Amino acid sequence: MLKLVFRAGISKRAYSAKAVKLTVETYPNLQRGDYGTLEESDLTRFRSILGDSSVFVDDIEGYNEDQMRKYRGQSQVVLKPKTTSQVSEIVKHCNDRKLAICPQGGNTGLVGGSVPVFDEVVVSLSGMSQIRSFDETSGILKVDAGCILESTDQFLAEKGYIFPLDLGAKGSCQIGGNVATNAGGLRLLRYGSLHGSVLGIEAVLPDGTVFDSMHSLRKDNTGYDLKQLFIGSEGTLGIITGVSVLCPARPKAVNVAFLGVESYEAVQDTFSKAKRELSEILSAFEFMDRESQVVNKKFLKAPHPLAEGSDEIPEYPFYILIETSGSNKEHDDAKLEQFLETSMEDGTILDGTVSQDEAQTRTLWAWREGISEASQIEGGVYKYDVSLPLSKLYDLVIAARERLREANLIGETDEYPVVDPVGYGHVGDGNLHLNVCVRRYTKEVEKVLEPFIYEWISQHHGSISAEHGLGFQKKNYVHYSKSDVEIAMMKDLKRHYDPNGILNPYKYI
Ligand code: FAD
Ligand code: MLT
Ligand code: ZN
């Protein structure tokens, strides 16, 4: 079995030491809003609320730059509150002074939403990381928003439970950030969206009011379900400080199979068959194209899961990762074995390997999760996380590749900005990730891709964001996925709750 070395967190500074361009240099037409400017008296106020050790003005570059090294803001101060009332006092002061705020979790977001654009005050939730309570009978967990996803899941593992979300950035991202982005991740197929599993939220509204809705009720039909507004609001309506979430029992038996197939049609056939034959034990179904394996191998510097002792990547154009989770190992093993045997007999699957223990399961998942970071090893990545009808999912990668070739932007040498587009994603959720791997960020590439990709998605009845959100990147393109009426309602809400527009400006809508 292969051996990879890969961390669940993110290795931000692994690539080029070259400075990230300021967002305002990349987009010179941006105008700073009519906000107050940070003064010494503001710092004095922040220090009186938080204490000197939670107000940072030096060495704060990491809070200004995003994970893709694509966006860079110019904040002068990072605040790390430890309590909800401290968040409330900070926000109230900022609202009175009309100082703009950028809420920040683990800063793993992929749409430029988590970093400032101009000089917004960064409010980092990393100082709020306590588990508040856990009910071992119901599985209801209450946490501070700054709890790291992976640590929270480790806490739950000891109790026989699992967090109903998992994703490659688990070692760095925070529960508050997950909820603020309505992250989907690797097991949405099994556990559904956070809109279903989050039972309650505590958040600080733009005027400093604490919205306390930390409920632990599965059923509550008393009026509008207001917590839903914060799920996926990307820091524009409130700063999430606490989350109550329903956690399922941790499966006792987990299997992962990594497979090679000959076409995208075979990916779809395998998915249909997996739903029918693995049904209740199917917990994830991911696909990857060959191009994604090429960048991944370069990044992980490890043999491919199907390489069998060779240093090559097998010639299959598509790969699949299937996970089963259940309570009876023998039953699950038998079911998976039969599924794989019949699929190989009828030729849908050409090759495969199945994990034999927990370490191998983790290794196979690491191979899939690595693609995100691997896509930017040459310098940068233009990312598109889209929902499309399954039959059209991969056509977008083909269309993007053709368009970049026609524009003569793809090539093997440094004179070409684009290395190659790669496609992979959560087939089980109809969610494609198209990563255009580039040697450098250029306006020319961006103009060829945008709005072309968003128009293509709209024509094929998809969504321009399946999971990463709108952030800075997609704020001008919401109309490709939402009607005028929907956008007007979103703007009304924002104006009503944040009349000064202080929470995460220049993003979302
Ligand atoms: P940040 O990146 O800090 O912030 C994201 C947004 O939420 C920003 O707009 C920010 O202002 C806001 N925000 C953060 N915390 C709060 C808060 N407490 N209150 C209000 N607003 C807040 N996403 C998926 O959906 N599925 C995946 O499978 C997935 N995999 C990933 C894998 C990797 C390797 C990486 C780097 C990213 C991945 N992401 C994925 C993207 C990202 O959305 C998630 O990593 C995560 O949900 C972001 O959490 P965070 O704490 O880092 O938030
Ligand atoms: C993934 O599914 O790997 C994530 O959404 C992250 C990414 O696409 O970069
Ligand atoms: Zn994803």
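Calculation notes
Residues numbered from 1 in each chain as written. Chains lettered and ligands numbered in written order. Predicted model: local features only at pLDDT ≥ 70, side-chain atom pairs only at ≥ 80, totals over all residues. Heavy atoms only, no water. Helix = DSSP H or I, 4+ residues; strand = E, 2+ residues; numbered from the N terminus. Buried < 20%, exposed > 50% of the residue type's maximum accessible area, 1.4 Å probe, protein only. Contact = heavy atoms within 4.5 Å. Areas by Shrake-Rupley, 256 points an atom, 1.4 Å probe, with all protein chains shown as cover. Phe/Tyr/Trp six-rings, centres within 6.5 Å; stacked < 30°, edge-to-face > 60°. Pairing = 2+ DSSP bridges. Near = heavy atom within 4 Å. Polar contact = N/O pair within 3.5 Å; in protein donor to acceptor, adjacent residues only side chain to side chain. Domains from an automatic or database assignment. Donors = N, O, S within 2.8 Å, 3.2 Å for Na, K, Ca; no water. Axes fitted to C-alpha atoms, helices over the stretch in contact; angles between N-to-C directions. Parallel < 35°, antiparallel > 145°, perpendicular 65-115°, else oblique. Left-handed = near helix turned anticlockwise from the far one by under 90°. Nonpolar A, V, L, I, M, F, W, Y, C, P; charged D, E, K, R; others polar.

Asker: Give a description of the overall build of the chain that names residues and reports values.
Answerer: Within the chain, the secondary structure is distributed over 17 helices and 16 strands. Judged by the C-alpha coordinates and their principal axes, the chain covers about 70 × 60 × 45 Å. Classification of the 509 residues of the chain by burial places 58% in the buried group. Of all intrachain contacts in the chain linking residues separated by at least 6 positions in sequence, the fraction that spans at least 24 positions is 75%. Per element, the accessible surface of the chain, about 21400 Å² overall, is 49% carbon and sulfur.

Asker: Can you lay out the packing of aromatic side chains for me, pointing to particular residues and giving the numbers?
Answerer: Tallied over the full model, the rule gives 21 aromatic pairs. Here Phe 287 and Tyr 394 contribute two aromatic rings whose centre-to-centre distance is 6.1 Å and whose plane-to-plane angle is 85°, an arrangement assigned as edge-to-face. Here Tyr 394 lies in the loop between strand 14 (380-387) and helix 14 (395-406) and Phe 287 lies in strand 11 (residues 282-289), a separation of 107 residues in the sequence. Three or more aromatic residues joined by ring pairs make a cluster, and in this case those are Tyr 264, Phe 287, Phe 318 and Tyr 394.

Asker: Explain the pairing of strand 9 (residues 239-246) residue by residue, including any values.
Answerer: The buried count for strand 9 comes to eight of eight residues, which makes it a mostly enclosed element. Pairing between strand 6 (residues 140-144) and strand 9: five bridges, direction antiparallel. Paired with Leu 141 across the strands is Val 245, a residue of strand 9. Judged from the six bridges that link them, strand 7 (residues 198-204) and strand 9 form a sheet pairing that is antiparallel. Following the sheet pairing, Ile 201 is matched in strand 9 by Val 243.

Asker: Explain the site of ligand 1 residue by residue, including any values.
Answerer: In the vicinity of ligand 1 there are 37 residues, among which Pro 103, Gly 105, Gly 106, Thr 108 and Gly 109 approach most closely. Between Glu 234 and ligand 1, the recorded distance is 3.2 Å, taken from a backbone N or O atom to an oxygen atom. Within the contact set of ligand 1, a nitrogen atom lies 3.4 Å away from a backbone nitrogen or oxygen of Gly 235. Of all the secondary-structure elements, those providing two or more residues to the shell around ligand 1 are strand 3 (101-104), helix 6 (175-181) and strand 9. Sort the elements by how many residues they give to the shell around ligand 1 and helix 6 lands first, with five residues. Viewed by domain, the shell around ligand 1 spans two of them, domain 1 (131-246) and domain 3 (375-468), each represented by three or more residues.

Asker: Can you explain the coordination of the zinc ion (ligand 3)? Please cite residues and give values.
Answerer: In the first shell of the zinc ion (ligand 3), the protein supplies His 426 (NE2), His 433 (NE2) and Glu 467 (OE), at 1.8 to 2.1 Å from the metal. Classification of Glu 467 as buried rests on a relative accessible area of 10%.

Asker: Can you break down helix 11 (residues 290-300) residue by residue, with the values?
Answerer: Where helix 11 is concerned, the buried positions are Ser 292, Gln 293, Val 295, Asn 296, Lys 297, Phe 299 and Leu 300. Its buried side turned inward, helix 11 meets strand 10 (253-261), strand 11, strand 12 (318-326), helix 13 (358-374), strand 15 (418-426) and strand 16 (431-438). A positive phi of about 50° marks Lys 301, the residue just after helix 11.

Asker: Go over the packing of helix 2 (residues 40-50) against helix 4 (residues 84-97) with me, naming the residues and quoting the values.
Answerer: Packed helices, taken two at a time, are described by the angle their axes make and the gap between the axes. Across the interface, helix 2 lies against helix 4 with an axial gap of 9 Å and an inter-helix angle of 165°. In terms of orientation, helix 2 lies roughly antiparallel with respect to helix 4. Classified by chirality, the crossing of helix 4 by helix 2 is right-handed. Judged by residue contacts, Asp 42, Arg 45, Phe 46, Ile 49 and Leu 50 of helix 2 engage Gln 86, Glu 89, Ile 90, His 93, Cys 94 and Arg 97 from helix 4. A per-class count over the contact of helix 2 with helix 4 returns five nonpolar, two polar and four charged.

Asker: Tell me what's going on with the environment of Val 143, and back it up with residues and numbers.
Answerer: Tracing the backbone shows Val 143 in strand 6. Assessed through its relative accessible area of 0%, Val 143 is described here as buried. It is 9.8 Å that separates the C-alpha atoms of Val 143 and Ile 201, two residues lying 58 residues apart in sequence. When neighbours within four sequence positions are excluded, Val 143 is seen to be in contact with Gln 130, Ile 131, Arg 132, Thr 152, Ile 175, Met 214, Thr 241, Gly 242 and Val 243.

Asker: Let's hear about the sheet that holds strand 2 (residues 78-79): which residues, and what values?
Answerer: Neighbouring strands of a sheet are bound in pairs by backbone hydrogen bonds; such pairs are parallel or else antiparallel. Ordered by their spatial adjacency, four strands build an open sheet running 1-2-4-3, and the pairing between neighbours is mixed. A single partner strand is all that each edge strand has here, and the edge strands are strand 1 (55-56) and strand 3. Looking at chain direction, strand 1 and strand 2 are connected through two bridges and run antiparallel. Across the sheet, the residue bridging to Phe 56 is Val 78, located in strand 2.

Asker: Which residues make up the sheet that holds strand 9, and what values go with them?
Answerer: The five strands lie next to each other as 5-6-9-7-8, forming an open sheet whose pairing is antiparallel. Each having just a single partner strand, strand 5 (131-135) and strand 8 (210-213) make up the two edges of the open sheet. With direction set aside, neighbouring strand axes in the sheet form an average angle of 10°. Pairing of strand 5 with strand 6 involves four bridges; the strand directions are antiparallel. Bridging across to strand 6, Phe 134 finds its partner in Leu 141. Against the sheet, helix 4 engages strand 5, strand 7, strand 8 and strand 9, with an angle of about 45° to strand 7.

Asker: Would you mind going over the side chain of His 426 in detail, with residue names and values included?
Answerer: Along the chain, the position of His 426 falls in strand 15. Here His 426 falls in the buried class, since its relative accessible area comes to 2%. A distance of 3.5 Å separates a polar atom in the side chain of His 426 from the backbone oxygen of Gly 185.

Asker: So, the site of ligand 2: which residues are in play, and what are the values?
Answerer: Taken together, Leu 110, Arg 368, Ser 372, Lys 383, Tyr 424, His 426, His 433, Glu 467 and His 468 are the residues near ligand 2. The contact in question runs from an oxygen atom of ligand 2 to an N or O atom on the side chain of His 426, over 3.0 Å. For ligand 2, an oxygen atom lies 2.9 Å from a polar atom in the side chain of Glu 467. Contact with the protein chains covers 87% of the free accessible surface of ligand 2, which is 260 Å².

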